[in-house]
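The lines below spell out each chain.
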Amino acid sequence: MFSLLFLKILNTLLTYKIQLYMSKIITEKSKKAFAEAQNFIPGGVNSPVRAFGAVGGTPIFIRSGSGCYLTDVDGNKYVDYIGSWGPLILGHADPRIVKRINEAVANGTSYGAPTELEVKLAQLIKEAMPSIEKVRMVNSGTEATMSAIRVARGFTNRDAVIKFEGCYHGHVDSLLVQAGSGATTLGTPNSPGIPQDFVKHTISLPYNDIDAINEVCSKRGKDIACIIIEAVAGNMGVVPPKKNYLEGLREITKKHGIVLIFDEVMTGFRVAHGGVQSLYNIKPDLTTLGKIIGGGLPVGAYGGKKEIMDSISPVGPVYQAGTLSGNPVAMTAGIATLEILKDGKIYTNLEEKAKRLATGMEKVCEDANVPACHTRIGSMLCTFFTDSPVTDYTTAKKCDTKRYAKFFHGMLDRGFYFAPSQFEAVFVSTAHGEKEIDSTIDAFKEVLKSF
Ligand SMILES: *Cc1c(COP(=O)(O)O)cnc(C)c1O
């Protein structure tokens, strides 16, 4: 009896101590590093969303990552739900990947000549996505979408491009029109530095609205080279396609001879081994990839129908090249990752964990009477702080971003690192355990108390 009571008191004290510690994380070194960084790097960061602009405060500087954890320069440890913005489906520094990278580095880091590694990665991609008959490696998702659009234009001999509001395809000039993520957050959908002439061929339509596409295509179908889409949107938060939307898109593009490009930079090997196209059983003409296929190193790729891809130099006239494209170290990291992912079991496991997190967070919101819209496809999920369903960019923008900022800082203080913007996905990796997921839900419950 006595020992039970004693244990209970001890437990309460410990919990209290942990909470006290958690809510007072010290980030002095990060603050110093950020101040220093701003002297040399615009805004102190190499990609805008990292600066915490949408949520306030100063970014934490990372010292290391391991599994689902990140450690900052002050020594604080966080459960990481950003995963480098999508690539790290196996978590940080997976020993299997690290080993292969180390071996590759010892053989030299770049040759500027073909290797068997490039062929191997291309094979692994094609196996997962049969719509890809040929694939070209590049160094980032941006490069992939930029090149895919050039090929589509060269192949069709047409200029116009359709994209969708809130979809982000990297910082390609002609696609930085109503883009999501960083651009949404900063409120600069049209960036200065992009001449009006560059975007006059870009048509931006609302996502999930098949009538809007039909209308434009029935008038201008013959001018349109391609339609590029995040088939499951992930850069305005996670917004899945409505029923029959993607099927309709496939039908219209076929009818008008328009190249359909699925931008699967985020969703490829993430929502399923074969990406969104396997989930919905649709064959796009071209697919762009990035993130996961680089295993944490900088890689992008675009591929698709042989007849389209063969219009690229040196076979065809459309020029595209890259000094470090197909880099052996990056290829090795990609191969090592895709070889592990080939085992479909991983996706079943990810589905279970992501579902546990999503349903847990949903219940916490319900219990606390906090209005929210929850979306999830596989291990990509999102909690939108809004009382109406989110189906496109207009509805996404209705979210209470101040509330998101409160959520973000509350979670960060307790050791959980979510994206510093409402308009981003939560990524679950194979390295997240039930223990971490359950403690995330508990922390979320705590945070909502202050709402
Ligand atoms: C991240 C992303 C890109 C851009 O990739 P980078 O490697 O950042 O250039 C393009 N499209 C989608 C859908 C993305 O999520």
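Remember, predicted model here, so these are calculated numbers, not experimental data. (Residues numbered from 1 in each chain as written. Predicted model: local features only at pLDDT ≥ 70, side-chain atom pairs only at ≥ 80, totals over all residues. Heavy atoms only, no water.)

Asker: When you look at the sheet that holds strand S10 (residues 300–304) in this model, what are you seeing that I'm missing?
Answerer: Neighbouring strands of a sheet are bound in pairs by backbone hydrogen bonds; such pairs are parallel or else antiparallel. One open sheet accounts for seven strands, arranged S4-S10-S9-S8-S7-S5-S6; its pairing is mixed. With one partner strand each, in any of the chains shown, strand S4 (134–138) and strand S6 (202–205) form the two edges of the open sheet. Each strand axis lies, on average, 20° off the axis of its neighbour in the sheet, ignoring direction. Strand contacts of helix H4 (residues 116–128): S4 and strand S9 (286–289), with the helix running at about 125° to S4, the strand carrying the most contacts. (Pairing = 2+ DSSP bridges. Helix = DSSP H or I, 4+ residues; strand = E, 2+ residues; numbered from the N terminus. Axes fitted to C-alpha atoms, helices over the stretch in contact; angles between N-to-C directions. Contact = heavy atoms within 4.5 Å.)

Asker: Explain the packing of aromatic side chains here, please?
Answerer: Geometrically, a pair of aromatic rings is defined through the distance of the ring centres and the angle of the planes. Taken as a whole and judged by the stated rule, the model has twelve aromatic pairs. A connected cluster of aromatic rings, assembled from ring pairs, spans Tyr 81, Phe 385, Tyr 404, Phe 407, Phe 418, Phe 444 and Phe 451. In this arrangement the basic side chain of Lys 77 is found over the ring face of Tyr 69, its NZ or CZ atom lying 4.4 Å from the centre. (Phe/Tyr/Trp six-rings, centres within 6.5 Å; stacked < 30°, edge-to-face > 60°. Lys NZ or Arg CZ within 6 Å of the ring centre and 35° of its normal.)

Asker: Would you mind showing me how to read the domain arrangement of the protein chain here?
Answerer: Think of interface size as the accessible area that goes away when the parts come together; that is how it is often given. For the protein chain, the assigned domains are domain 1 (22–81 + 344–448) and domain 2 (95–341). Taking only C-alpha atoms, the centre of domain 1 and the centre of domain 2 are 26 Å apart. Each partner contributes residues to the interface: domain 1 has 25 residues there, and domain 2 has 32 residues. Both sides of the domain 1 and domain 2 interface together cover about 2,300 Å² of buried area, and 67% of this is carbon and sulfur. Elements with a minimum of two residues in the side of domain 1 that touches domain 2: helix H13 (345–368), strand S11 (373–377), strand S12 (380–384) and helix H14 (393–396). (Domains from an automatic or database assignment. Buried area = accessible area lost by both parts, 1.4 Å probe.)

Asker: How should the pairing of S11 be read in this particular structure?
Answerer: Successive residues of a regular strand alternate their side chains across the two faces of the sheet. Here S11 shows a buried face lined by Cys 373, Thr 375 and Ile 377 and an unburied face lined by His 374 and Arg 376. Inspection of the sheet shows S11 paired to S12 by five bridges, in the antiparallel sense. The partner of Arg 376 across the bridge, within S12, is Leu 381. Joining the antiparallel neighbours S11 and S12 is a turn of two residues, in which Gly 378 adopts a positive phi near 55°. (Buried < 20%, exposed > 50% of the residue type's maximum accessible area, 1.4 Å probe, protein only.)

Asker: What should I look at first to understand helix H2 (residues 28–40) in this one?
Answerer: Residues lying three or four places apart along an α-helix face the same way, a consequence of the helix completing one turn every 3.6 residues. Taking 1.5 Å per residue as the helical rise, H2 with its 13 residues ought to reach 18 Å, and the 19 Å between its terminal C-alpha atoms agrees with that figure. Of all the positions in H2, only Ser 30, Phe 34 and Ala 37 are classed as buried. All buried residues of H2 project into a common sector of 65° when viewed along the axis, lining one side. In H2, the exposed positions angled more than 90 degrees off the buried face are occupied by Lys 29, Lys 32 and Asn 39. Among the structural elements, strand S2 (69–72) are those in contact with the buried residues of H2. (Expected span 1.5 Å × (residues − 1). Arc of directions from axis to C-beta.)

Asker: Help me understand the nonpolar core in this model?
Answerer: Generally speaking, a soluble globular protein has its nonpolar side chains buried in company with each other. Ranked by internal contacts, the top residues of the largest apolar core, which has 69 residues, are Ile 125, Phe 269, Leu 338, Leu 341, Leu 357, Phe 418 and Phe 444. Among the secondary structure elements, those contributing two or more residues to this core are strand S3 (77–80), helix H3 (95–105), H4, helix H12 (328–341), H13, helix H15 (401–413), strand S13 (416–417) and helix H16 (434–448). Three or more residues apiece are contributed to this core by two domains, here domain 1 (22–81 + 344–448) and domain 2 (95–341). The residues touching Phe 444, leaving out its near neighbours within four places in the chain, are Met 361, Val 364, Cys 365, Phe 385, Phe 407 and Met 411. (Core = buried A, V, L, I, M, F, W, Y, C linked by side-chain atoms within 4.5 Å.)

Asker: Looking at this structure, I do not really get the environment of Ile 258. What am I missing?
Answerer: The topology assignment puts Ile 258 in the loop between helix H9 (245–256) and strand S8 (259–263). On the accessibility criterion, Ile 258 (2% relative accessible area) is buried. Put simply, Ile 258 and Gly 296 are 38 residues apart on the chain and 33 Å apart in space, counted from C-alpha to C-alpha. If near-sequence neighbours (up to four positions away) are discounted, Ile 258 is found in contact with Arg 158, Cys 217, Gly 221, Ile 224, Ala 225, Cys 226, Ile 227, Arg 250, Thr 253 and Asp 285.

Asker: I'm lost on unusual backbone geometry in this one. Help?
Answerer: Among all residues except glycine, the phi angle is most often negative; among peptide bonds, the trans geometry is most common. Here the residue pair Ser 313 and Pro 314 is connected by a cis peptide bond, since its omega of 10° sits within 30 degrees of zero. Along the chain, the position of Pro 314 falls in the loop between helix H11 (306–309) and H12. Positive phi, normally seen in glycine, also occurs at Ala 93, with a value near 50°. As for its placement among the helices and strands, Ala 93 is situated in the loop between S3 and H3.

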